[in-house]
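# Breakdown of the fold
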Amino acid sequence: MSTVTSGSPRTDAAVRTRGLTKRFGSRTAVDALDLEVPTGSVFGLIGPNGAGKSTTMRMLIDVLRPSAGSVSVLGRSPRRGGARLRRRIGYLPGEVTLPPGTGRAVLRHLADLTGSSTADRRSEELAERLDVDLGRSIRTLSKGNKQKIAIIQAFAHDPDLLLLDEPTSGLDPLVQQTFLDLVREARDAGRTVFLSSHVLSEIQHVADSAAVLNRGRLVTVSSIDALRRAQSRRVAARLAGAAEAEVSQALGAVPALAALTVARPDPTLLPTGSDADVVDVSGVLDGHADELVKALARFRVVELAVQEQDLEESVLAMYDATEAR
């Protein structure tokens, strides 16, 4: 499998897996996963629900043991690293369960486990930024506010590595932006952030690179910029004074144009005074537009729109490709 670095001058890996596999009976949740997460980067793990993201995260902190393969976290085996290694990690589970007590008491207890002398002060700072009252009992908090407490406990001891599983679940959009700011600040401080999500938008705005996972198998590993460059584009055009067959033949010969449709629009839907002798064209362009432009130049182009697909659509297409194998 391919690996990618973020462009950082550091080449060591904060997380490295080789052939990492986890089976539950006859079901394979993670299948021979090869990953490298560069130190000092933000790395995203993208996949639909059930792709194996949470299982992967749990193996990194030794909550689950691999069925096969190897894993290294901050240069150590999670199993052998024990409590000393875990103190260098901030972990946010996909399903948050907090002990009883006030938010402040819970965070103080969790900070004691890390041995951090600054976590209390840091917790207060983070609570102010995330707008959560640490004096309230955990049991009275909404799901979103419980998620904020869980985020605080992951960040409060300034760990070398943050493992964040579906971190923005239950957060409103403004708080999500604050969370992404925290991620950027951690990276700028030289820390590594490994976050998983089935929502690509929250990763594409902050990650340097990402792995796409589906049914436990690695689909691709790429920089976010490369994923964007690989996006398909939707094409829509209205051509005047052309026959449908002629347009179909000319545009059908463009190799990069797929899902081509050519049809005359309903005359009653055309703007008043517009040319009624028109043909509407739509398709998906994969690759350079040069041949498409040359093919369209044979006709009188009334309207033309070329729109990049949302990055999430491109990744969904990758899922579909693996499902078809």
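Residues numbered from 1 in each chain as written. Predicted model: local features only at pLDDT ≥ 70, side-chain atom pairs only at ≥ 80, totals over all residues. Heavy atoms only, no water.

### Here we look at the overall build of the protein chain
Broken down by element type, the protein chain carries 11 helices and 13 strands. Relative to its 325 residues, the protein chain shows a buried fraction of 46%. Across the protein chain, contacts joining residues at least 24 apart in sequence account for 71% of those joining residues at least 6 apart. Split by element, the accessible area of the protein chain, about 16,000 Å² in all, is 48% carbon and sulfur. (Helix = DSSP H or I, 4+ residues; strand = E, 2+ residues; numbered from the N terminus. Buried < 20%, exposed > 50% of the residue type's maximum accessible area, 1.4 Å probe, protein only. Contact = heavy atoms within 4.5 Å. Areas by Shrake-Rupley, 256 points an atom, 1.4 Å probe, with all protein chains shown as cover.)

### Quick notes on the packing of aromatic side chains
Under the counting rule described, the total for this entry stands at 2 aromatic pairs. Considering the side-chain rings of F155 and F179, the 6.3 Å spacing of their centres and the 90 degrees angle between planes classify their relative orientation as edge-to-face. Linking F155 in helix α5 (residues 143-155) with F179 in helix α6 (residues 173-188), this pair joins segments that are 24 residues apart in sequence. A single burial state applies to F155 and to F179, both of which are buried. Over the face of the ring belonging to F24 we find K22, whose NZ or CZ atom lies 5.4 Å from the ring centre. (Phe/Tyr/Trp six-rings, centres within 6.5 Å; stacked < 30°, edge-to-face > 60°. Lys NZ or Arg CZ within 6 Å of the ring centre and 35° of its normal.)

### Section: helix α2 (residues 78-86)
If you check which residues of α2 are buried, you get P78, G81, G82 and L85. On its buried face, α2 sits against α1 (53-60), β4 (68-73) and β5 (89-92).

### A short note on the sheet that holds strand β9 (residues 217-223)
Spatially, 6 strands are ordered β5-β6-β7-β3-β8-β9 in an open sheet, and the strand pairing comes out mixed. Each of the sheet's edge strands pairs with one partner strand only, and the pair in question is β5 and β9. Geometrically, the sheet is characterised by an average inter-axis angle of 15 degrees between neighbouring strands, direction not taken into account. Sheet strands touched by α5: β5 and β6 (161-165). Its angle to β5, the strand with the most contacts, is close to 165 degrees. (Pairing = 2+ DSSP bridges. Axes fitted to C-alpha atoms, helices over the stretch in contact; angles between N-to-C directions.)

### Remarks on unusual backbone geometry
Phi is positive for L74, which is not a glycine, with a value near 55 degrees. Phi at R215 is positive, roughly 50 degrees, even though this residue is not glycine. Along the chain, R215 turns up in the loop between β8 (209-214) and β9.

### Quick look at the pairing of strand β3 (residues 42-46)
In regular strands, side chains alternate between the two faces of the sheet. Burial of β3 is extensive: 5 of the 5 residues sit out of reach of the surface. Sheet topology note: the β3/strand β7 (residues 192-197) ladder contains 5 bridges and is parallel. Bridged to V42 within β7 is V193.

### Here we look at the sheet that holds β4
Taken together, 3 strands build an open sheet; the order of strands is β2-β1-β4 and the sheet is antiparallel. If you trace the sheet from one side to the other, it starts and ends with β2 (27-38) and β4, each paired once. The average angle at which neighbouring strand axes cross in this sheet is 15 degrees, direction not considered. Pairing between strand β1 (residues 13-24) and β4: 5 bridges, direction antiparallel. When the bridges of β4 are listed, T21 appears paired with A68. Here α1 sits on the sheet and contacts β1, β2 and β4; the angle it forms with β1, its principal contact strand, is near 115 degrees.

### As for the nonpolar core
Grouped together as the largest cluster of nonpolar side chains are 40 residues, with contacts concentrated most on I149, I152, F155, L164, V183 and V193. Here I149 is in contact with L98, G103, L107, V132, L134, I138 and L141, once residues within four sequence places are set aside. (Core = buried A, V, L, I, M, F, W, Y, C linked by side-chain atoms within 4.5 Å.)

### Structural notes on a positive patch on the surface
Together, R76, R79, R80, R84, R86 and R87 make up a region of like positive charge exposed at the surface. Locating R76 in the fold gives a position in the loop between β4 and α2. Look at R76 and you get partly exposed, because its relative accessible area is 39%. (Patch = residues over 30% accessible without salt bridge, like charges linked within 9 Å, V, L, I, M, F, W, Y side chains within 5 Å. Salt bridge = Lys/Arg side-chain N within 4 Å of Asp/Glu carboxyl O. Lys, Arg positive; Asp, Glu negative; His and termini not counted. Charge placed at Lys NZ, Arg CZ, Asp CG, Glu CD.)

### Section: the side chain of T21
On the secondary structure map, T21 appears in strand β1. Note on T21: relative accessible area 6%, which makes it buried. Within the structure, T21 has its side chain in polar contact with the backbone nitrogen of A32 (distance 3.0 Å). Setting aside its immediate chain neighbours within four residues, T21 contacts T28, V30, D31, A32, M59, P66, S67 and A68. (Polar contact = N/O pair within 3.5 Å; in protein donor to acceptor, adjacent residues only side chain to side chain.)

### Some remarks on the confidence of the model for the protein chain
In regions of low pLDDT, the predicted coordinates are not meant to be interpreted in detail. Counting all residues, the mean pLDDT for the protein chain is 88, and 90% of those residues have values of 70 or more. Scored below 50 in pLDDT, residues 1-11 shows 19 contacts in the model against residues more than four places distant or in partner chains. (pLDDT = per-residue confidence, 0-100.)

### Side note on the pattern of salt bridges
A side chain with one charge can pair with a side chain of the opposite charge if their charged atoms come near. Scanning the entire structure with this criterion turns up 17 salt bridges. Here E36 makes a salt bridge to R16, at a shortest N to O gap of 3.2 Å. In this pair, E36 is assigned in strand β2 and R16 in strand β1, connecting sequence segments 20 residues apart. A salt bridge links E125 to R122, with the nearest nitrogen and oxygen atoms 3.7 Å apart. In this pair, E125 and R122 are both assigned in helix α4 (residues 119-130), 3 residues apart and thus about one turn of the helix distant. Beyond isolated ion pairs, a larger network of salt bridges with shared partners links R121, R122, E125 and D158.

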